Amino acid sequence: MGAGPSGLAACKTLADHGVDYTAYEAGERVGGQWVLDNSSGTSVAYRSLAVNTHKGMCCYSDFPLPDHYPGFPSHEQMADYFDNYAKHFDLYPRIRCGTRVEQAEPRPQGGYALELGGGERVEHDALVVASGNLWDPQWPALDGDFDGPLIHARDYMDPADPVDCRGKNVLVMGLGNTACELAVELSEPGAAARLLLSARSGQNFVPKIEAPVPHPSEPLSGLLAWLPKGMRDAAFRQLFPRVTKPIRALYPAPESVGLPPPPEDFFEKRFVMNNDLFERIEAGAISPRPGVRKMLGDRVEFEDGSQDPVDIIVAATGYRFTLPFLRDEILGCAPPDLELFRGVMHPQRQDLFVIGVMKAICSIWPRSEQQMAFIAPLLAGDYALPSQAEIERESYPILGVPFGNCQFYTADLRRELERGRRRAGRGK
Ligand SMILES: Cc1cc2nc3c(=O)[nH]c(=O)nc-3n(C[C@H](O)[C@H](O)[C@H](O)COP(=O)(O)OP(=O)(O)OC[C@H]3O[C@@H](n4cnc5c(N)ncnc54)[C@H](O)[C@@H]3O)c2cc1C
Ligand SMILES: NC(=O)c1ccc[n+]([C@@H]2O[C@H](COP(=O)([O-])OP(=O)(O)OC[C@H]3O[C@@H](n4cnc5c(N)ncnc54)[C@H](OP(=O)(O)O)[C@@H]3O)[C@@H](O)[C@H]2O)c1
């Protein structure tokens, strides 16, 4: 369910494996986040949004982005790309657009009964959830009262929409990719009169450049293909921060411009890619501030005791992972704590899969495509699961792990797929 970038990968891959499916998409269009103002209400895109993953890495393995696209295509170009993917592989006949899944209840014999918007009920033998995890706003808890408008980045469109920030004192909260992009946009001439950027903790910054990140579909080669998993992963954690050091050194240390120091563990948070933030701070167009302590009507007090007049607050404080159509009792936990076998299958429910939710150093939908290359043979009966003990041993929290290497993840999925094919008697 869901026909965003991950759901489309699911449709295509299930069709390739001859698995019968129907996709339910709440919006009128496919493309999820990348459809500005998506009628599903789950797109948080703003008018200036472009991908920050280079076009060489943010495409499906068998459908490149058009040659005439720039290195970092806009949301409109990405939405067209997803639409063209669905047309090219003839996915539309199986996608029911404008159809929200309201509730999913397990059936006694396995599979799920779905209640759709409008009250219709349908039944399916398995559920692949591709509903996205970046649409339900995480609001900051703020002490005190604030007189002006407080919006979440989810609703932000441009400096004049949905609130007119032009000529105002604007505070952007957060230091993720969204906060940094909105701070840069709102600090442009003609936008906010004054732009404060409040960060309660630090980030690692990497310039937005054409980085040679392998596509998740590329098999590992050379030594990487042979190293034992533990050694390979440890080597990556050691080497990646060192290899990226020269490009990170293109920026000054965050502390030197008034931002909090970056986390010691490079893999703790998704790093921020922004080519303009430091320049704007150094030019005085953006004023960094520590975390917010208290609202004082038309002023805000920060953790260092300083106060500033503020007219509008934009909370770019991220998103919660929720699955409103699946009760926590069905999942056995609240969604952010979800542990999945190999990052895709519920360990106690072999008919429930979640894709596209992960902490990963790569683009999301190519990785979802690789997750489906594992799930589809399982659903087609070409892959047999290991013992329940192994399923539980190989289950881990999808959001509770440090950011990982997508190519390694895919290689491990492929290896497990081969094992499961042998178990199913299907050879390689
Ligand atoms: C501002 C922003 C920028 C980003 N930039 C990048 C980037 O540059 N590169 C990158 O790889 N990733 C990026 N991401 C991550 C983003 O998650 C992916 O871009 C991508 O959209 C994920 O695809 P998805 O299909 O998993 O989720 P979504 O794009 O969120 O799609 C989910 C789909 O499910 C549908 N849906 C939800 N609930 C239901 C329901 N109950 N019933 C039926 N349908 C439902 C929605 O309508 C939607 O179409 C960005 C995210 C954000 C927020
Ligand atoms: N152009 C692009 O491609 C683009 C643009 C924007 C976003 N994105 C992607 O979209 C996803 C979401 O990004 P995001 O920036 O919206 O969210 P995010 O990465 O989760 O960052 C949220 C930020 O808000 C802070 N925060 C959270 N709760 C807070 C609170 N209560 N008070 C103060 N600060 C709080 C966090 O601080 P802590 O770290 O201390 O929790 C963090 O700095 C990411 O994957 C990102 O890469 C991509």
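Cut-offs used in this document
- Residues numbered from 1 in each chain as written.
- Chains lettered and ligands numbered in written order.
- Predicted model: local features only at pLDDT ≥ 70, side-chain atom pairs only at ≥ 80, totals over all residues.
- Near = placed C-beta within 6 Å.
- Helix = DSSP H or I, 4+ residues; strand = E, 2+ residues; numbered from the N terminus.
- Nonpolar A, V, L, I, M, F, W, Y, C, P; charged D, E, K, R; others polar.
- Domains from an automatic or database assignment.
- Contact = placed C-beta atoms within 7 Å.
- Pairing = 2+ DSSP bridges.
- Axes fitted to C-alpha atoms, helices over the stretch in contact; angles between N-to-C directions.

**Concerning the site of ligand 1**
Part 1: Around ligand 1 lies a shell of 35 residues, among which Gly2, Gly4, Gly32, Gly132 and Gly356 are the nearest.
Part 2: Of all the secondary-structure elements, those providing two or more residues to the shell around ligand 1 are α1 (5–16), β1 (23–25) and α9 (364–380).
Part 3: Ranked by residue count, the leading element in the shell around ligand 1 is α1, at three residues.
Part 4: In the shell around ligand 1, the residues fall into 16 nonpolar, 17 polar and two charged.

**Here we look at the domain arrangement of the chain**
Part 1: Looking at the chain, the domain boundaries give domain 1 (5–135 + 320–423) and domain 2 (139–207 + 251–317).
Part 2: The gap between the C-alpha centroids of domain 1 and domain 2 is 32 Å.
Part 3: Opposite the eight residues of domain 1 that make contact, domain 2 presents 12 residues.

**What to know about the sheet that holds strand β5 (residues 121–124)**
Part 1: Taken in spatial order, the three strands make up an open sheet running β3-β4-β5, and their pairing is antiparallel. Edge strands, defined here as strands with exactly one partner in the open sheet, are β3 (101–106) and β5. The average undirected angle you get between the axes of adjacent strands in this sheet is 25 degrees.
Part 2: Taken together, the four bridges between strand β4 (residues 112–116) and β5 define a ladder with antiparallel strand orientation. Counted as the bridge partner of Leu114 is Val122 from β5.

**Description of the site of ligand 2**
Part 1: Around ligand 2 sit 24 residues, and of these Pro140, Gly174, Gly176, Thr178 and Gly318 come closest.
Part 2: It is helix α3 (residues 177–186) that provides the largest number of residues to the shell around ligand 2, a total of four residues.
Part 3: Of the domains in this structure, domain 1 (5–135 + 320–423) and domain 2 (139–207 + 251–317) are the two that each give at least three residues to the shell around ligand 2.

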